Amino acid sequence: MKMLKLTLLFCFVSLLSFAEISTDQKAALIDLYNSTNGKSWNRTWNLEKPVSTWSGVKIEDSSVVELNLSFNKLEGTLPESISKLSSLKVLDLSFNKLEGELPKTLTSMTSLVEVKLFSNNLTGKIPSDIGSLTNLKSLELFNNNFTGEIPASVGNLTKLESLILSSNNLIGRLPESLANLKSLKVLSVFDNSLLGAIPASLGELGQLEELVLSNNAFFGNIPGELAQLSNLRTLLLNNNQLQGNFAALKGKFPKIVDFELDKANTEGELATLDEEEDDD
């Protein structure tokens, strides 16, 4: 009798784990399907079957927690209703043909831990309130057509470990608020139109392993504070207008593996930048 009760309990728990999601969540997934030409996806969904059978959808406790549709030939825009997936932790729509701006509702999805939208054709600005996603550990938006400045609110993402915004059309300076990201391991913004001095406060990011600032318009002296980044393995600063002895800087990093510099920056002293130059 005891064994029978245990068996029934196990079956009950199993049924709960595979329970269907709410009507709102299912409607949000169908909106995504319709707005991105779902019939032509590489791994399409049969809308007549349970959501638990749909490729790339992970369900826990009757909620969608992961949506992984990378390399799936999505074409079109992201619907505002995606925010109905309020328990979503992982959103990976990389390597598709998504276009248009990010939905304004995206920043209300505060359960998100990973956002990977790289290698699409997304446009517009990175939302100014991106800092609302305080559980984010990874924000990867590279290889798109985003414009405008990096929002200062990114400094609110204190759990962030990877921030990759490379190969876009971003302008302006690196926000000083980046210094708040004490868990950051990867910061990559190469191939944009960013300018100004490299903030000396980046030297406070003690966990940083990769710092990639190549192919921008940064100018001024290389901050000596960067030498505090003892965990740095990759430092790419080439194709900017920086001054200082890159070669001397390289010797400051015991774990450095990848290091690129401009040939012009192989001599001189490593300067500490106390004030940004006026670029007016």
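Residues numbered from 1 in each chain as written. Predicted model: local features only at pLDDT ≥ 70, side-chain atom pairs only at ≥ 80, totals over all residues. Heavy atoms only, no water.

Trainee: Requested: an account of the nonpolar core, with residues and values cited.
Mentor: Judged by nonpolar contacts, the single largest core of 68 residues is most densely connected at Leu29, Leu67 and Leu211. Broken down by secondary-structure element, the contributors of at least two residues to this core are helix 2 (23-35), strand 1 (57-60) and strand 2 (63-68). The element that contributes the greatest number of residues to this core is helix 2, accounting for four residues. The contact partners of Leu211, leaving out residues within four places of it in the chain, are Leu187, Leu202, Leu226, Leu229, Leu232, Thr234, Leu235 and Leu236. (Core = buried A, V, L, I, M, F, W, Y, C linked by side-chain atoms within 4.5 Å. Buried < 20%, exposed > 50% of the residue type's maximum accessible area, 1.4 Å probe, protein only. Helix = DSSP H or I, 4+ residues; strand = E, 2+ residues; numbered from the N terminus. Contact = heavy atoms within 4.5 Å.)

Trainee: Which residues make up the side chain of Ser70, and what are the values?
Mentor: Take Ser70: it is sitting in the loop between strand 2 and strand 3 (75-76). Within the structure, Ser70 has its side chain in polar contact with the side chain of Asn68 (distance 3.2 Å). For Ser70, the contacting residues outside a window of four places in its chain are Arg43, Asp92, Leu93, Ser94 and Asn96. (Polar contact = N/O pair within 3.5 Å; in protein donor to acceptor, adjacent residues only side chain to side chain.)

Trainee: Lay out the environment of Glu60 in plain terms, naming residues and giving numbers.
Mentor: In this structure, Glu60 sits in strand 1. Accessibility expressed as a relative area gives 36% for Glu60, which makes it partly exposed. In sequence terms Glu60 and Glu20 are 40 residues apart; their C-alpha atoms lie 9.9 Å from each other.

Trainee: Give me the lowdown on the pairing of strand 11 (residues 169-172), citing residues and values where you can.
Mentor: Pairing of strand 9 (residues 147-149) with strand 11, which is carried by three bridges, proceeds in the parallel orientation. Looking across to strand 11, one finds that Glu149 is bridged to Ile171. One ladder, built from two bridges, connects strand 11 with strand 13 (residues 193-196); its direction is parallel. Bridging across to strand 13, Ile171 finds its partner in Ser193. (Pairing = 2+ DSSP bridges.)

Trainee: Residues and numbers for the sheet that holds strand 9, please.
Mentor: Spatial strand order, 9-11-13-15-17: five strands in an open sheet with parallel pairing. In this open sheet, the two strands that pair with only one neighbour each are strand 9 and strand 17 (241-243). Across this sheet, the average inter-strand angle for adjacent strands is 20°, counted without regard to direction. Bridge count for strand 15 (residues 217-221) against strand 17 is three bridges, and the pairing is parallel. (Axes fitted to C-alpha atoms, helices over the stretch in contact; angles between N-to-C directions.)

Trainee: Go over empty space enclosed by the protein with me, naming the residues and quoting the values.
Mentor: Scanning all chains against the criterion turns up one cavity of 30 Å³ or more. Looking at the largest cavity, its volume works out to about 40 Å³. Taken together, Ile126, Ile130, Leu139, Leu141, Ile150, Pro151, Val154 and Leu165 make up the full set of residues lining the largest cavity. Looking at the lining of the largest cavity, its residues break down into eight nonpolar, no polar and no charged. (1 Å grid on protein atoms, 1.4 Å probe; cavity = no way out; pocket = protein on both sides within 12 Å on 5 of 7 lines; lining within 4 Å. Points joined across faces, edges and corners; volume = space filled by probe spheres on them. Nonpolar A, V, L, I, M, F, W, Y, C, P; charged D, E, K, R; others polar.)

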